[in-house]
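Analysis of the macromolecular model
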Amino acid sequence: MSQPSQEFLKNAVYLIDASSYIFRAYYGINPSLTAPDGTPTHATYGFLQMINALLTTQNVKECALLWDQKEKGFRHKIFPEYKANRGAPPEDLGLQLENSKIGAECLGLPQYGEPGFEADDLIATAVAKFPNKNFVVVTGDKDLLQLVNDRVWCLDTMKQKWSNQQETIEKFGVLPEKVPELQALCGDSVDNIPGAPGIGPKTAAQLMQKYGSLTRILELAKERYESGEKIKDKDDPLKGKKIDNLAENIAQVELSLKLVTLSHDAPFSDSSNPFELKPVNHDGLNSFAAKLGLTKVLAHAAAMRSKAYDKHNGILSNSAGSGDAPSIPSEKMNSDRFNFERIKSVSDLEKLLSQNSKSSYLALDTETLGLDDKKGEWRLVGISLAFDGKTGHYIPLRHVDVNGELIKENLDPKETIKALKKYLDSDNQTAKIVFQNAKFDLHVFQREGLHFAPDRIEDTMVMSFVCNPSERHNMDTLAQRWLAYDCLSFKEALGDRENFSFVNPEEATRYAAEDAVVTFSIFEELKKELAKDEKLNLLYHDLDIPLISILFELEENGICLDLETLKSLSKQFHRETDVREKEAIAILEAEGLDLPEDFNLGSPKQIAKVLFEDLKLPIIKKGKTGPSTDVSVLEALSAQHPFPHSLLEIREIKKLTSTYIDVFPTLIKESTGRLHTDFSQIIAVTGRLSSSNPNLQNIPIRTERGKKIRDAFIAPPGKILLGIDYSQVELRILAEISGDKELCRAFSENADIHKRTAALVLGIEEDKVTSNDRRMAKAINFGIVYGQTPFGLSKSLGIDRKTAKQFIDDYFNTYPGIKIYMNETLEHAKTHLSVRSLAGRVRYLPDINAKNAIQRNFAERTAINTPIQGTAADLIKAAMIDIQRNVLPKFPMAKMVLQIHDELLFEVVGSAPLKALEDEVKAAMENPSILKEFTGKDLKIPMKAEASWGQNWGQLK
């Protein structure tokens with residue numbers, strides 16, 4: 001993230017969008033805070049806290065608070081519906097707003113507001129009126145980005161985000177001065193600015209990039225509209241319905257431009273320096289503070305304004321301690337196993353690092369505000385480290401007192417990172433860095449400018465997964481398992497404080513330093529455990545550890561979403577839900593059912609009554625509360641009555657809407673404008689990668705509705721997506737592992753495996769195979785290694801059980817090698833209580849000899865499919881490493897953005913497929929060079945990968 005230089009900031013004027021601040025405070029602070037007389041004060045308290053934090057952390061020398069006014073302004077005169085969709089402000093906000101102004105006045109802060117103009121207009125006017133000053137506009141309002149230039153930056157303090165021309169272009173796709181024209185095209189639903197129908201931000205950006213100005217766009221739209229010209233250029237954004245939408249709404253767009261353009265000539269102070277901070281009015285402040293019960297916070301604010309203070313990296317010299325926050329129980333403050341020490345200065349840190357310059361390992365851990373980056377919680381609060389399994393050290397960086405102010409015990413974050421970087425980069429330093437969940441810490445450290453070479457990373461969580469994927473891998477569990485040690489829980493350390501920054505450094509040291517020293521101790525134990533198994537040791541070091549840095553990059557890269565597509569899908573699916581629900585009710589009414597007024601199609605209890613009491617359909621299975629109405633039951637009943645099928649349709653649409661379509665826009669990270677999913681390599685016991693927050697692997701791809709969701713995943717302007725997907729990878733691996741001659745021959749000849757299977761099993765020529773024959777063969781091909789039974793096959797294909805059993809028997813007669821593989825695998829599993837992938841990844845099966853038939857059968861199915869699934873997982877991991885190391889360095893215009901199921905997705909600069917990139921990625925996926933390290937040989941069966949290009953994920957086949 002770019003930010004202004006220190007030279008720029010040294011004399012910058014801070015223009016604060018005070019109205020925005022008061023609303024943020026109102027909705028962000030506990031509303032129960034009141035004055036002794038009952039006056040609400042939470043917004044006033046939060047506002048003054050935020051203002052004081054800005055003044056101190058940014059070392060503000062000149063500023064102004066700009067306020068909106070109650071009176072309607074010039075925009076309402078030209079468009080009465082301006083902001084008409086905004087509700088009235090909360091009743092308890094008005095008084096708190098006025099009190100906030102009084103508090104700011106007592107603190108000596110300049111404030112301005114002008115009837116008829118918004119705070120944004122006053123900010124724009126101030127910038128225009130003082131052309132020789134540098135400005136920082138403090139706001140979260142995107143509209144003010146139109147002001148940025150060489151002497152104007154925007155700062156969103158809630159997200160710690162600086163914005164200038166680069167960030168404006170990234171957000172809008174146009175230069176700052178062109179932002180009003182873009183907004184005039186697409187409108188703004190928040191402020192009820194109409195824009196042109198059907199023109200969203202993406203289209204508006206494309207139009208502006210293509211034609212340069214709003215005037216030219218409207219002229220051209222009018223010309224094409226009147227001439228009826230048909231635009232054949234597929235890259236021209238001004239065509240089709242967009243021409244009509246623009247030409248028919250020129251006046252509306254021009255009106256919108258007037259509404260979004262900030263005024264640069266609003267009435268403003270005539271003072272020669274309207275930004276000068278005045279002395280604190282202590283008498284007025286004391287009286288005001290006592291009245292509102294805000295004595296402590298305002299006394300602290302006054303001290304920060306009145307007294308000399310040390311602004312070296314935001315550390316206040318006279319900052320208070322952490323007050324009366326709840327403490328860790330005294331018996332938990334110490335440990336009979338480990339020592340915990342707080343590092344009190346950067347020089348002490350440098351001394352510690354120097355003393356351990358020849359250490360082989362350094363355990364590192366981070367403490368942050370929280371775990372969700374999308375909420376801005378990856379803010380580094382402190383760092384813990386350990387060079388051995390005896391002592392953990394903690395470096396407090398951003399701890400605060402009860403008022404949210406940085407305290408004096410903190411070390412300078414920049415100097416701390418600088419010391420660590422110097423240690424890691426020294427010529428004779430080769431220490432491996434040990435983490436517990438390295439990927440998370442890598443993200444946090446990157447935001448502080450500290451990076452780690454992939455070959456220096458160790459991860460106890462991944463080590464534990466490689467040793468036994470079926471276990472839990474969190475640090476508390478690992479400490480109990482490998483050290484017989486109970487860690488202090490995060491809940492005990494935090495107490496009822498809002499986040500870890502409010503924990504005082506002494507208590508924080510007890511918790512955080514323990515994390516580092518325990519991680520180091522667990523690492524020592526797991527290192528010895530892995531050394532016992534050569535294959536697992538190789539897997540850990542050469543496959544799973546290199547993958548960490550790759551997944552880290554994928555998460556940082558993210559992927560673009562088309563919000564207009566999602567918006568359209570949302571409308572479509574909500575309409576379809578309404579239609580389907582009416583159809584479902586009509587079906588029941590046609591049956592003569594008298595439905596209650598509160599009948600709810602989402603109520604399992606009411607649905608059960610309709611299905612099994614009113615419609616007299618058979619009960620398929622029961623749960624704890626009565627007959628089940630789950631998906632499997634509705635599928636079984638759909639053949640007997642249309643109502644269950646209608647319910648399935650409604651449930652599918654609602655799930656897609658509530659899980660994906662309406663949720664995805666809320667998960668877009670504002671700083672990047674992209675969706676960033678989390679990838680994990682320690683959740684799926686087979687070794688497959690998983691996706692969460694959001695889970696992109698669960699997007700249905702076999703239904704038309706599910707496929708539409710993929711259309712929203714797009715390449716940004718000037719780029720294209722490349723998808724490479726394995727073809728029938730698990731069947732190919734089954735052929736590789738089983739060695740069945742017929743199956744191997746089919747793949748070697750690149751045959752249609754399902755058609756070939758049907759022909760062999762049924763004893764007919766391939767050209768005689770019907771679509772129904774192929775469908776049956778496909779079901780058994782994919783189901784056989786997952787324990788497909790005659791009952792299961794008959795159910796999925798709608799055939800009788802006898803026919804299904806005969807087909808399975810004939811299948812094994814056709815492919816006897818598969819049956820031999822299954823029998824031998826079960827025999828091995830029952831003897832060794834485990835199975836392995838081709839690369840040696842292990843899966844333990846303690847229930848394989850269980851007396852309980854359900855447990856035993858599950859373990860047997862697991863034994864058969866795990867080597868296949870595990871090998872598929874290892875294959876794509878090896879391919880990702882090969883691609884990252886050997887392919888992408890040759891193609892700097894391409895980056896990997898997703899791994900979902902058997903597919904890799906790349907974002908590539910340009911608009912046309914790049915054959916060389918496609919060929920090399922395919923080659924790496926079909927035969928990754930490092931896989932041979934684990935198997936000791938090349939694969940006999942060709943692994944086939946298919947490539948496709950498109951502007952969105954849905955276009956990829």
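Residue indices follow the written sequence of each chain, beginning from 1 at its first position. Side-chain atom pairs in this predicted model are given and counted only at pLDDT of 80 or more, local residue features only at pLDDT of at least 70, and totals for whole chains, interfaces and linings cover all residues. The side-chain quantities take in all heavy atoms of the structure and omit both hydrogens and water.

A look at the pairing of strand S2 (residues 62–67)
Only protein chains enter the area calculation, which uses a 1.4 Å probe; residues under 20% of their type maximum are buried, those over 50% are exposed, and those in between are partly exposed. Each helix corresponds to a stretch of at least 4 residues labelled H or I by DSSP, and each strand to a stretch of at least 2 residues labelled E; elements are numbered beginning at the N terminus. Of all six residues in S2, six are buried, a share of seventy percent or more. Alternating residues of S2 divide into Glu62, Ala64 and Leu66 and Cys63, Leu65 and Trp67, and every residue in both groups is buried. Any two strands are treated as partners once DSSP identifies two or more bridges connecting them. The pairing of strand S1 (residues 13–17) with S2 spans five bridges and is parallel. Considered in S2, the bridge of Val13 is made with Glu62. As judged from the three bridges shared by S2 and strand S3 (residues 111–113), these two strands associate in the parallel manner. Considered in S3, the bridge of Trp67 is made with Gly113.

Here we look at the packing of helix H10 (residues 214–227) against helix H12 (residues 250–260)
When two helices pack together, you describe them by how their axes are tilted relative to each other and by the distance separating the axes. Whenever a helix is involved, its axis is fitted only over the stretch in contact; in every case the axis is a line through C-alpha atoms, and angles between N-to-C directions fall within 0 to 180 degrees. Axis separation between H10 and H12 bottoms out at 11 Å; the angle between their running directions is 175 degrees. Relative to H12, the element H10 is oriented roughly antiparallel. Packed against H10, whose contacting residues are Leu214, Leu218 and Lys222, the element H12 presents Ile250, Val253, Glu254 and Leu257 at the interface. Broken down by class, the residue content of the contact of H10 with H12 amounts to five nonpolar, no polar and two charged. Geometric relationships in this document are graded by angle, where less than 35 degrees denotes roughly parallel, more than 145 denotes roughly antiparallel, 65 to 115 denotes roughly perpendicular, and other angles denote oblique. Residue contacts are counted whenever heavy atoms from the two residues lie within 4.5 Å of one another. Each residue is assigned to one of three groups, with Ala, Val, Leu, Ile, Met, Phe, Trp, Tyr, Cys and Pro labelled nonpolar, Asp, Glu, Lys and Arg labelled charged, and all others, Gly among them, labelled polar.

Focus: the sheet that holds strand S10 (residues 391–396)
Note on sheets: strands pair through backbone hydrogen bonds, and any given pair is parallel or antiparallel. In spatial order, the strands read S7-S10-S9-S8-S11-S12; together these six strands make up an open sheet with mixed pairing. Since the sheet does not close on itself, it has two edges, and those belong to strand S7 (339–342) and strand S12 (457–459), each with one partner. Averaged over all adjacent pairs, the angle separating strand axes in this sheet is 30 degrees, with direction ignored.

Comments concerning the environment of Leu420
Locating Leu420 in the fold gives a position in helix H16 (residues 413–425). For the pair Leu420 and Val785, spaced 365 residues apart in sequence, the C-alpha separation works out to 51 Å.

Here's the deal with unusual backbone geometry
Following Asn693, the chain continues into Pro694 via a peptide bond in cis, with omega recorded as 5 degrees. Mapped onto the elements, Pro694 comes out in the loop between strand S19 (690–692) and helix H27 (704–710). If you check the backbone angles, Asn693 has positive phi at about 55 degrees while not being a glycine. Position of Asn693 relative to the elements: it lies in the loop between S19 and H27. Taking the relative accessible area as the measure of exposure, Asn693 reaches 31% and is therefore partly exposed. Phi is positive for Gln728, close to 50 degrees, though the residue is something other than glycine.

Some thoughts on the environment of Leu689
Within the element layout of this structure, Leu689 appears in the loop between strand S18 (678–680) and S19. The exposure class assigned to Leu689 is buried, which follows from its relative accessible area of 6%. In sequence terms Leu689 and Lys655 are 34 residues apart; their C-alpha atoms lie 23 Å from each other. In this structure, Leu689 is in contact with Leu547, Leu551, Ser680, Gln681, Gln697, Lys877, Met880 and Gln899, ignoring residues within four places of it in sequence.

Some remarks on the sheet that holds strand S26 (residues 945–950)
Here we have four strands laid out as an open sheet, ordered S24-S25-S21-S26, and antiparallel in their pairing. The strands lining the two open edges of the sheet, one partner per strand, are strand S24 (894–900) and S26. Across the sheet, the mean angle separating the axes of adjacent strands is 20 degrees when strand polarity is ignored. As defined by bridge partners, S24 adjoins strand S25 (residues 903–909) across six bridges and the pair is classed as antiparallel. Bridge pairing links Ala894 to Val908 in S25.

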